[in-house]
Amino acid sequence: MRRRATAIAALLALGAALAIVAGAYATPERAAAPAADAGSAAASVKCGKTRTIGFMAPVTGPAASIGIQQVHWAQYYVATYNKTHKTKFKLQTEDTQLGAPTGTAEALKGAQALAGSSNVLGVVGPAGSNEIVGVTKSLKDAGLAWVSGSSTRTSLTTDGTRTGYMFRTVPPDAVQGTTAANFILNKLKYKRVYIIDDQESYSTGLADAVEARLKAAGATVSRDGVSQQQSDFSSLIAKIARDTQIVYIPWQLPPKGQAFGNQMKAAGKGTIKLMGADGLYDSSFAGVGAHVYDTNFPLNPKSKIIAGFKKGHGGDGEYFGAPTYAATQVIATAIDRACKKGSATRASVRAAIRSTNIPAAKSLIGVALRFNRNGDLSTLHKFGLYKSNGKDFVPIAG
Amino acid sequence: MNWSLFFDLTVSGLTLGSLYALIALGYSMVYGILKLLNFAHGDVYMIGAFVGWYTLHALGGPLNPTISGAAVLFVMFIVSMVACGVLGVAIERFAYRPLRNAPRIAPLISALGVSIFLQNSALLIFGAGFRDYGTFDLIGVKTFNIGQLFFSVTQLLTVVLAILLMIALTVFVARSRLGKAMRSTSFDREAASMMGIDVDRVISVTFFIGSALAGAAGVMFGLVFGQIYHFMGFIAGLKGFTAAVLGGIGSIPGAMVGGLIVGLAESYATGYLPQGSTFQNLYVFALLILVILIRPSGLFGKAAITKV
């Protein structure tokens, strides 16, 4: 009896401890390290022949498979730029270990390193929305602007905390979520939908947006979540009713989408349609079968930039990293503009980013790169819709 | 009661549990003999999965195997088990043996170091991407049933093979000369040494067997769930360790039962508890804490008696 009481008391204590830890993690900005030297924001840096771009991505850790795509695309931009210009760029890379237990702390460490490095005039990344919340204070205090190629949480640019500092080359969840929900409701005319997020902020944000829109339209929506680390979906699949018409999985890792699709088939549920988001826009997910749909920015897989990239990467497009190419392009272009007189400040680079205007013809993501006041692309209002032909995604009308 | 869901969850739990049991055996055997928590064990399992993948592709890949599918599977298991066994022996020889007489925290730190070393080496050598086993192409989508329990061919293979390996290990430890030496060393290393048992050899064999089982589990994982990657050993190792502790660390039957309990608990939690798939790890580890508080030595473990 006493043992049982001890056990219950210990579990309650554990719960309380978890709540305290969760509370601490819920307010990362308050926990952020002291501000970097405010002087670095205004300090003028001699640009020289080689300029430095700070770069934050999950190079190692659980999300390394997508982080490495961002690394490859950023390096690809720098390499192609350096071939054709007298001035050169180099990346100062900080590993954020997104998804690891120490992930946000690593991102914060990286941000502080970039903030303290006087040569760094702007930053590409970080990848995750939680990371952005964690590094905001460090980067802002140092006067650094950052352009993310994958953080999609809507509030990042609308809550006013990062205005003038944060920019992104991916549209927020609200845009992609609306495109997906409208397609399910109006084109497919489905009413029984199962949504599974991967517990990362990219995924939960999109899942929330789609769920809200579908429910508002009267659809029956079941919602679940699964860890990005997980590869066994059999128990989860057992819960999906056989009369479900479509399963929406806005995940970040295409191989996980592929594994999920294959396990659905193994469980005899291969006739239920599957739909992913830009994170799953990859031939490995498309290869699950012709019952797979996806949304993505209007990339042109036949563009010369993509062809050149694929040539250097074993034929793999690694499309998740493509917006990071655009982010690197934005930062590099802004630094070049700010450096016209031989020296620049972080403030002048921020101003140059705000007035970015790269025409669609020179942009990888199919639209001109221009930002609104919040730091979102002002040119991208709708996502492209795709259907698998069994091997690859092909565009379809929405 | 939705029996179809219950049986589906049971099959899923048994499959997962078999993998955890094989991993737990390695933890338990090493702890039984060295009183060491080998935290690199989960990463040996990850290496086993990659060795299986490379063997599969050396034999032509899942689409065009140069020998029959069954033979490919057999070779994958053998190569992976031998490679992991050798890796386990090397880890013991270079990372743990020099610290055998050091304070107990030293080999523990060394184990964590080896774990990170293996993880990052895998990232460097195999890359950050996922590797697809292509099981459907190799084996096809077949299902078998025992009553209302429906198994896919890979699930059935996993459960049967895990049971066979566990029986073989139990017989080996109970009946063979080397098994007797392992039990003696586990009971009292010093006394075993004085009785003429080559303790170093026994420890090496223990590492070989434990790591070989982890290698087999790695290949099974690839076959059942399709994809492998460099970080897969972390959480699987943690679950295997949980299973070993739950069953009573140091106990071979305990590791087997612990593995199955963890697998089934995870599966039922996903199916029945609120937000089960999101918080399945919370439920599994809460179960561990509860069992340990009620029975600190685990289900099959014996309380240590210190003579004074």
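Residues numbered from 1 in each chain as written. Chains lettered and ligands numbered in written order. Predicted model: local features only at pLDDT ≥ 70, side-chain atom pairs only at ≥ 80, totals over all residues.

We now examine the interface of chain B and chain A. The partner chain A presents 30 residues to the 31 residues of chain B that form the contact. At the level of elements, α1 (3-34), α4 (105-126), α11 (252-272) and α12 (276-294) of chain B are the ones that each hand at least two residues to the side of chain B that touches chain A. The element best represented in the side of chain B that touches chain A is α12(B), accounting for seven residues. Of the residues belonging to the side of chain B that touches chain A, the class tally is 17 nonpolar, 12 polar and two charged. (Contact = placed C-beta atoms within 7 Å. Helix = DSSP H or I, 4+ residues; strand = E, 2+ residues; numbered from the N terminus. Nonpolar A, V, L, I, M, F, W, Y, C, P; charged D, E, K, R; others polar.)

Looking now at the pairing of strand β3 (residues 88-95) of chain A. Residue and element names in this part refer to chain A. Where strand β2 (residues 50-57) and β3 come together, eight bridges link them in parallel fashion. The residue bridging Ile 53 from the neighbouring strand is Leu 91, located in β3. In terms of handedness, the path from β2 via helix α4 (residues 64-84) over to β3 forms a crossover that is right-handed. (Pairing = 2+ DSSP bridges. Right-handed = clockwise from strand over helix to strand, strands pointing away.)

What follows concerns the sheet that holds strand β8 (residues 220-225) of chain A. Residues and elements named next belong to chain A. Strands sit in the order β8-β7-β9-β10-β11-β13-β14 across an open sheet of seven strands; the sheet is mixed. Looking at which strands have only one partner, the edges of the open sheet turn out to be β8 and β14 (393-396). Along the sheet, successive strands turn relative to each other by an average axial angle of 25°, direction set aside. Looking at chain direction, strand β11 (residues 292-296) and strand β13 (residues 384-388) are connected through four bridges and run antiparallel. Residue Asp 294 lies in a different strand from β13, and its bridge partner there is Tyr 386. (Axes fitted to C-alpha atoms, helices over the stretch in contact; angles between N-to-C directions.)

Right, let's talk about the sheet that holds β3(A) for a bit. Residue and element names in this part refer to chain A. If you walk across this open sheet you meet the five strands as β3-β2-β4-β5-β6, and the pairing is parallel. Sheet topology places β3 and β6 (166-168) at the edges, where each strand pairs with a single neighbour. Across the sheet, the axes of successive neighbouring strands diverge by a mean angle of 25°, strand direction being ignored. Strand direction decides the pairing type here: β2 and strand β4 (residues 120-124), joined by three bridges, are parallel. If you follow Thr 52 over to β4, its bridge partner there is Val 120.

A few words now on the domain arrangement of chain A. Residues and elements named next belong to chain A. Considered domain by domain, chain A is made up of domain 1 (39-171 + 302-362) and domain 2 (174-296 + 384-396). Taking only C-alpha atoms, the centre of domain 1 and the centre of domain 2 are 29 Å apart. The partner domain 2 presents 16 residues to the 14 residues of domain 1 that form the contact. Sorting the residues of the side of domain 1 that touches domain 2 by element identifies α4 and α6 (129-141) as the ones contributing at least two each. For the side of domain 1 that touches domain 2, the residue count by class is five nonpolar, eight polar and one charged. (Domains from an automatic or database assignment.)

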